[in-house]
Amino acid sequence: MFPFIIIGLVALLVLLFPYLLQKYRSARRKKIMSEPFPVIWISILESNISLYSKLPPEIQKTLHQYILVFLAEKKFEGCGGQDVSDEMRVTIAAQACLLLVNNPNPTFYPRLKTILVYPSAYKAKRNDGFGKIVTEEIARLGESWTRGDLVLAWDHAKHGAVEHMDGHNVVYHEFAHQLDQEDGEADGAPILKPGGYAIWVKVFQREYKKLLLALQHNLDHVIDEYGSVNPAEFFAVVTELFFERPWALKNKHPELYRVLEDYYGCDPVEWFD
Ligand SMILES: [Zn+2]
């Protein structure tokens, strides 16, 4: 009888573990969010994140809370001789959290553990498939992986935050990949609300095909051609546009804009003059 009770208790604990972990994590995040946001970090936001001053006060407040959680949970590592400063951590965290700021229950990029920061564009090393490590010829600005890390070139990460209306932002781009990869697949569809996939797939497939056609026939397009690489890059590229040139996306691709507006829970057009 006794062993059965032990086995029963262990099984119950195993079943309850995800629930208890979730409870613990929520309580810890709530506590972190209640901590004061350092004044010096506000100066960093004001000087580096051009969009920050345009955000409504309640969004700024949530952004502060989410940055605190993000920085408490993620590790930063400098690469290529780069030392990681508070300016880098706050500037990157702010842009990552801006994608979450209208989500009342964000998961804070659960697969991501470490952000690797290079001073500038870097050449990645990879396995050539025969066990030999080779250095790629093309320099990269960022990468996002499902295995727990994300890579950024600091000068471009900062430039994207300062120049907030040019339609390019490597931090939004790589963190959109993290959202997409949260379910383990980089397929251009993040985890959506129940019933959200049908409209997402319909609109995204149609708009992706429209971009391919526009490129094929040399037609005007507001979506960067890098979005034509595959559906995952398309989602990352339109995320950059949604937060940096929302009026252009809304004007030319109203349905795509509406789907993104529903997903990100905001209408960034309202943040711009
Ligand atoms: Zn990409």
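Residues numbered from 1 in each chain as written. Predicted model: local features only at pLDDT ≥ 70, side-chain atom pairs only at ≥ 80, totals over all residues. Heavy atoms only, no water.

### Let's talk about the environment of N251
Here is the rule we go by: Each helix is a run of DSSP H or I of at least 4 residues and each strand a run of E of at least 2, with the numbering of both proceeding from the N terminus.
Its location among the elements puts N251 in helix 9 (residues 246-252). For N251 and V222, which are 29 residues apart along the polypeptide, the C-alpha to C-alpha distance reads 9.9 Å.

### Digging into unusual backbone geometry
Unusually for a residue other than glycine, Y109 sits at a positive phi of about 50°. Mapped onto the secondary structure, Y109 falls in the loop between helix 4 (86-98) and strand 2 (114-118). At N218, a residue that is not glycine, the phi angle is positive and equals roughly 55°. Considering the arrangement of structural elements, one finds N218 in the loop between helix 7 (197-216) and helix 8 (231-244).

### Examining the coordination of the zinc ion
Counted only if it meets this: Each metal's donors are the N, O and S atoms within 2.8 Å of it, or within 3.2 Å when it is Na, K or Ca, and because water is not part of the set, sites may look incomplete. Geometry is assigned from donor-metal-donor angles: four donors are tetrahedral when every angle falls between 85 and 135 degrees, four are square planar and six octahedral when opposite donors sit over 155 degrees apart with all other angles between 65 and 115, and any other arrangement is irregular. Using a 1.4 Å probe on the protein chains alone, a residue whose accessible area is under 20% of its type maximum counts as buried, one over 50% counts as exposed, and one in between counts as partly exposed.
Here the zinc ion is held by H173 (NE2), H177 (NE2), E233 (OE) and E233 (OE), and the distances to it run 2.0 to 2.7 Å. Classification of the site at the zinc ion rests on its four donor atoms, whose angles at the metal span 52 to 145°, yielding the label irregular. Each donor residue of the zinc ion belongs to the same chain, with the gaps between them written as H-x3-H-x55-E. In this pair, H173 is assigned in helix 6 (residues 170-181) and E233 in helix 8, connecting sequence segments 60 residues apart. Each member of the pair, H173 together with E233, is buried.

### A closer look at the sheet that holds strand 2
We count it as follows: Two strands qualify as a pair provided DSSP detects at least 2 bridges between them. Think of each axis as a best-fit line through the C-alpha atoms, taken over the contacting stretch in the case of a helix, with angles from 0 to 180 degrees between the N-to-C directions. By the convention used here, residues are in contact when the closest approach between their heavy atoms is within 4.5 Å.
Ordered in space as 1-2-6-5, the four strands form an open sheet in which the pairing is mixed. Taken across any chain shown, the strands that pair with only one partner, and hence form the sheet edges, are strand 1 (75-78) and strand 5 (142-144). In this sheet, neighbouring strand axes are inclined to one another by 20° on average, regardless of whether the strands run parallel or antiparallel. Direction of pairing for strand 1 relative to strand 2: parallel, over a ladder of four bridges. The residue of strand 2 that forms the bridge with F76 is I115. Its contacts with the sheet put helix 4 on strand 1, strand 2 and strand 6 (149-153), and the angle it makes with strand 2 is roughly 120°. Contacting strand 2 and strand 6, helix 5 (residues 154-162) runs over the sheet at an angle of about 80° to strand 6.

### A word on the domain arrangement of the protein
Just so we agree on the cut-off: As annotated, the domain borders come from an automatic or database domain assignment. Summed over both partners, the accessible area lost on bringing two parts together, with a 1.4 Å probe, is the buried area. In the sections that follow, a salt bridge refers to a side-chain nitrogen of Lys or Arg positioned within 4 Å of a carboxyl oxygen of Asp or Glu. Three residue categories are used. Nonpolar comprises Ala, Val, Leu, Ile, Met, Phe, Trp, Tyr, Cys and Pro, charged comprises Asp, Glu, Lys and Arg, and polar comprises the others, including Gly.
Domains assigned within the protein are domain 1 (31-185) and domain 2 (187-273). Look at where the C-alpha atoms of domain 1 and domain 2 centre, and you get two points 21 Å apart. Listed as interface residues are 26 residues of domain 1 and, on the opposing side, 26 residues of domain 2. With both sides pooled, the region where domain 1 packs onto domain 2 buries about 2200 Å², and carbon together with sulfur makes up 59% of that total. Here domain 1 and domain 2 share zero salt bridges between them. The leading source of residues in the side of domain 1 that touches domain 2 is helix 6, at seven residues. Across the side of domain 1 that touches domain 2, the residue classes break down as 11 nonpolar, eight polar and seven charged.

### Regarding helix 6
Because the α-helix completes a turn every 3.6 residues, residues three or four places apart line up on one side. Put simply, the rule is: The span expected for a helix works out to 1.5 Å for each residue beyond the first. Polar contact criterion, stated in full: a pair of N or O atoms within 3.5 Å, where within protein one must be able to donate a hydrogen and the other to accept it, and residues adjacent in sequence count only if both atoms are side-chain atoms.
Helix length check: helix 6, at 12 residues, gives a terminal C-alpha distance of 16 Å against a target of 16 Å (1.5 Å per residue), a fit within 8%. Counting buried positions along helix 6 gives 12 out of 12 residues, so the element sits mostly inside the fold. Of the residues making up helix 6, those classed as buried are V170, V171, Y172, H173, E174, F175, A176, H177, Q178, L179, D180 and Q181. Of the residues that open helix 6, the one with a side-chain oxygen 2.9 Å from the backbone nitrogen of V171 is N169.

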